[in-house]
Amino acid sequence: MESSLLTDLGIILVAATLVVVAARIIRIPSIVGYILAGLIAGPALGLVEVTEGLHLAAEIGIILLLFLVGLELSLGKIREVGGIALLVGLLQVVVTGTGVAAIAWAFGLSGGDVLFLGVALTFSSTVVVVKLLDQLRALDSRHGRLSVGVLLVQDLVVVVVLTFVAGLSGGVELSALEVITDLARAFGGMALLLLAAGIAARFILPRVFAWAGSSQETTFVWSLSWCFLLVLGSEWLHLSVELGAFIAGVAIAQLPFNHDLRRRVHPLMNFFVAVFFVTLGVQMELGAAFAAWPLVLTLIVATLLLKPPLIARLLRSRGEGPGTALRSGLTLGQTSEFSFILAALALANGLIDEDMLSVVAAVGLVTMGVSSFSILHADGLVEAVRKRGLLPLLTGASKTEAEEGDEAQDPGTRGHIVVVGMNSLGRRIVRDLAEAGEEVLAIDTDPDKLKDLPCRTLLGNADYLSLLEEAELKEAGLLVSALHIEDANRLLAYRAESFGIPCVIHAFDQSMERELEELGVRHLVNSRSAGIEKIADELKELGVFGE
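Keep in mind it's a predicted model, so treat the numbers as computed, not measured.

Looking at helix 14 (residues 322–331)
- With ten of its ten residues buried, helix 14 lies for the most part within the structure.
- Considered for burial, the residues of helix 14 that qualify are P322, G323, T324, A325, L326, R327, S328, G329, L330 and T331.

Quick notes on the packing of helix 2 (residues 30–44) against helix 16 (residues 354–376)
- With their axes 9 Å apart at the nearest point, helix 2 and helix 16 run at an angle of 140 degrees to one another. It follows that helix 2 is oblique to helix 16 by the angle criterion. Every pair of crossing elements has a handedness; the one defined by helix 2 and helix 16 is left-handed. Taking contact as the criterion, the partners of I31, V32, I35, L36 and L39 in helix 2 are, on helix 16, L365, M368 and G369.

Section: the packing of aromatic side chains
- Across all of its chains, the model carries one aromatic pair by this definition.
- An angle of 80 degrees between the planes, with centres 4.9 Å apart, marks the rings of F271 and F272 as edge-to-face.
- Judged by relative accessible area, F271 falls into the partly exposed class, the value being 33%.
- Residue F272 is classed as buried on the basis of its relative accessible area, which comes to 17%.

With respect to the side chain of T122
- Mapped onto the elements of the fold, T122 is located in the loop between helix 5 (111–120) and helix 6 (126–135).
- Using a relative accessible area of 1% as the deciding quantity, one classes T122 as buried.
- Sequence-distant contacts of T122, defined by excluding residues within four places in its chain, comprise Q92, V93, T96, G97, Q154 and K307.

Description of the packing of helix 13 (residues 293–317) against helix 16
- In contact at an axis separation of 9 Å, helix 13 and helix 16 are set at 35 degrees when each is read in the N-to-C sense. Helix 16 is crossed by helix 13, and the crossing has right-handed handedness. Packed against helix 13, whose contacting residues are L295, V296, L299, I300, T303 and L304, the element helix 16 presents V359, A362, V363, V366, T367, V370 and S371 at the interface.
- Taken together, the residues of the contact of helix 13 with helix 16 break down into ten nonpolar, three polar and no charged.

Notes on the environment of E49
- Within the fold, E49 resides in the loop between helix 2 and helix 3 (52–71).
- For the pair E49 and Q283, spaced 234 residues apart in the sequence, the C-alpha separation amounts to 8.1 Å.
- Discounting chain neighbours no more than four positions away, the residues touching E49 are D8, L54 and V282.

Some words on a negative patch on the surface
- Taken together, the side chains of E285, D353, E354 and D355 make up a negatively charged region of the molecular surface.
- For E285, the position within the fold is in the loop between helix 11 (258–283) and helix 12 (286–291).

Structural notes on helix 10 (residues 241–253)
- With 13 residues, helix 10 ought to run about 18 Å at 1.5 Å a step, and its terminal C-alpha atoms sit 19 Å apart, in line with that.
- Counting buried positions along helix 10 gives twelve out of 13 residues, so the element sits mostly inside the fold.
- Along helix 10, the positions that sit buried rather than exposed are V241, E242, L243, G244, A245, F246, I247, A248, G249, A251, I252 and A253.

Comments concerning the pairing of strand 4 (residues 478–481)
- Burial along strand 4 is two-sided: L478 and V480 facing one way and L479 and S481 facing the other are all buried.
- Strand direction decides the pairing type here: strand 1 (residues 417–420) and strand 4, joined by four bridges, are parallel. Bridge pairing links V420 to S481 in strand 4.
- Bridging between strand 4 and strand 5 (residues 503–506) involves three bridges; their strand directions are parallel. Bridge pairing links V480 to V504 in strand 5.
- In this fold, strand 4 hands off to helix 22 (residues 486–499), which returns the chain to strand 5; that crossover is right-handed.

Details of a nonpolar patch on the surface
- A cluster of nonpolar residues, L192, L195, I199, F203, I204 and W236, forms a patch on the protein surface that exposes about 680 Å² of accessible area.
- A total of five residues in the nonpolar patch trace back to one element, the largest contributor, which is helix 8 (residues 176–212).
- Residue position: I204 is located in helix 8.

So, the nonpolar core
- Of all hydrophobic cores here, the largest spans 150 residues; its most connected members are L117, I252 and F340.
- Dropping the residues within four chain positions of it, L117 is found in contact with V100, A104, L109, L295, L299, M356, V359 and V360.

Thresholds applied
Residues numbered from 1 in each chain as written. Predicted model: local features only at pLDDT ≥ 70, side-chain atom pairs only at ≥ 80, totals over all residues. Heavy atoms only, no water. Buried < 20%, exposed > 50% of the residue type's maximum accessible area, 1.4 Å probe, protein only. Helix = DSSP H or I, 4+ residues; strand = E, 2+ residues; numbered from the N terminus. Axes fitted to C-alpha atoms, helices over the stretch in contact; angles between N-to-C directions. Parallel < 35°, antiparallel > 145°, perpendicular 65-115°, else oblique. Left-handed = near helix turned anticlockwise from the far one by under 90°. Contact = heavy atoms within 4.5 Å. Phe/Tyr/Trp six-rings, centres within 6.5 Å; stacked < 30°, edge-to-face > 60°. Nonpolar A, V, L, I, M, F, W, Y, C, P; charged D, E, K, R; others polar. Patch = residues over 30% accessible without salt bridge, like charges linked within 9 Å, V, L, I, M, F, W, Y side chains within 5 Å. Areas by Shrake-Rupley, 256 points an atom, 1.4 Å probe, with all protein chains shown as cover. Salt bridge = Lys/Arg side-chain N within 4 Å of Asp/Glu carboxyl O. Lys, Arg positive; Asp, Glu negative; His and termini not counted. Charge placed at Lys NZ, Arg CZ, Asp CG, Glu CD. Expected span 1.5 Å × (residues − 1). Pairing = 2+ DSSP bridges. Right-handed = clockwise from strand over helix to strand, strands pointing away. Core = buried A, V, L, I, M, F, W, Y, C linked by side-chain atoms within 4.5 Å.

In structure tokens:
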């Protein structure tokens, strides 16, 4: 079995890599590429069959995905969601779910399948939306914040649904009393798990992670240990392991290093999630999807054409501008990765068959692919709709309101100074720059070193490109590294050079100075010979602050 698992994983990774590279060229989400890779490697070519080992690897991917989703739910973000996202998110779930269920009923499906489709296809994709909004640098735009707010509400609903499905394990063969008993036990277990996580987040986790905070590796291991501890707790309480992972993420999201932890877990999650979605593609019965093509096509059209204006009208009814409302609708106009997770869990519990799994996967495959283009070109689509006079029809706005612009795009931070390494040298540089009136962003891996600084701070390792993107290095006026780490300084010098950003690098000896000069770094400081005054002179030469 061991060699078979390794062979299957090798085939899956090769197929996923080839298909995702092609998918990236035509700019469709990687999730779609993974499912296509599974279709090719499984039903099309018969190279891979789903084994117990693959199921385990796929389940780890979903555990890590739900853990990361939980890490997004800090109390601050929950407060930012506000009443608009809460109301719109819940109303959208109810209306969309009812509409999908009505379509399924009209096609003669059984009651269980009607209910399942109504629930599974109502959510939008957190992974696709957040990834593409981040690519467009639109997460902080008005429609970006509203879209993420609605997604957070949907994520909370998903937790309840996962608990419900877990409680219905084998429910098709149980009496009504037994079903009610199982559901009560599931929700009671969920309450107990939430209580334990809340107590730990309040009294235990801050102390444990404060002790481990100086070592990123220790923090990473502790975080995964906490995640799988709650996963084991979920199994002991007969809940879904996805629920335990989600609650574990929410608990850690309240701690100050959650952003850095998310960056560290993300590559590991990507690997296992790729295995999950490829495995899902392997399980798809193409014949079943083609046989049900009228239903599949109707659900695709309803999702792509009716869901965006529904969300837009709901947002417009809460006072949002028509352009912002429609951008949000276009952003959320697809089904979710949670549709696949729910389908896989329902299949494992005997609530649906593989034919229904194929219908869900086919709808998700198409809607995610098409909506990715809508997200990337939302501004152009809104303007096209506005020019043709269709904005009032789609959003419920008056003609006067539709003709007015209602969302100024945030240009983001520009011209700021990024300082990496909060040793005594770095902290002195930050304070001097802040006193000179400059906008400064300080970066370090130790949360204690970022305390009491008179500027914005970012916790994390500057070796990660994702952290530098979060620091908006491409828009910065200057990069300063006070690090005493040769490899890190070389990498930062290379990043600055590739972004076209001037940099001042701490060259702490002559050999390092020569290496950085060969990399094209023009502004070097040898602190041993020059001291802090030399650094100040270098910054003045760059025109960062005056004499």
